[in-house]
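Residues per chain are reported as follows:
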Amino acid sequence: CHSSGSSATDHPLVLWYGSADPKNNVELYKEQVGKLGRCIDARLAKPVANNVDNADGNKNARCSGILVNTSSWIEDGGYDLLLHAVSTLRITVILVM
């Protein structure tokens, strides 16, 4: 979650799960979602570099929110993983496409 002061556009937040299928390691997947949430919180709390007017952190980013693309797996434990992501990332709007 740490950065060298570069902007988020220079260094997007990426975590490698190791598989396209969350079924392969449910506990690791849940831990990765938790870490992603903590990293997002930390990034949004940081002041924007070289912006003295923004002492409260990145207000524009905090106001705009995030998009989360989840797995389409909802049977068995998949629905529980979806609920875990919603809770952990404090998601308030869900779009089903």
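Attention in this report is confined to the structure presented alongside it. Quantities reported herein were computed from a predicted structural model and do not represent experimental measurements.

Per the stated rule, a full pass over the model turns up 2 salt bridges. Two residues, Arg-38 and Glu-31, come together in a salt bridge whose shortest N-O distance is 3.1 Å. For Glu-31, a relative accessible area of 46% corresponds to the partly exposed category. A salt bridge links Asp-41 to Arg-90, with the shortest nitrogen-to-oxygen separation between them at 2.7 Å. With Asp-41 in helix α1 (residues 26-45) and Arg-90 in the segment after α3 (78-88), the pair connects residues that are 49 residues apart, well separated along the chain.

With that out of the way, let us pick up α3. Along α3, the positions that sit buried rather than exposed are Gly-78, Leu-81, Ala-85 and Val-86. Projected onto a plane normal to the axis of α3, the buried residues spread over an arc of 140 degrees and lie on a single side. Turned more than 90 degrees away from the buried face of α3 sit Asp-80 and Ser-87, all of them exposed. Tucked inside the fold, the buried residues of α3 contact α1. Just past α3, the residue Arg-90 takes up positive phi, approximately 55 degrees.

Parameters at a glance
Residues numbered from 1 in each chain as written. Predicted model: local features only at pLDDT ≥ 70, side-chain atom pairs only at ≥ 80, totals over all residues. Heavy atoms only, no water. Salt bridge = Lys/Arg side-chain N within 4 Å of Asp/Glu carboxyl O. Buried < 20%, exposed > 50% of the residue type's maximum accessible area, 1.4 Å probe, protein only. Helix = DSSP H or I, 4+ residues; strand = E, 2+ residues; numbered from the N terminus. Arc of directions from axis to C-beta. Contact = heavy atoms within 4.5 Å.

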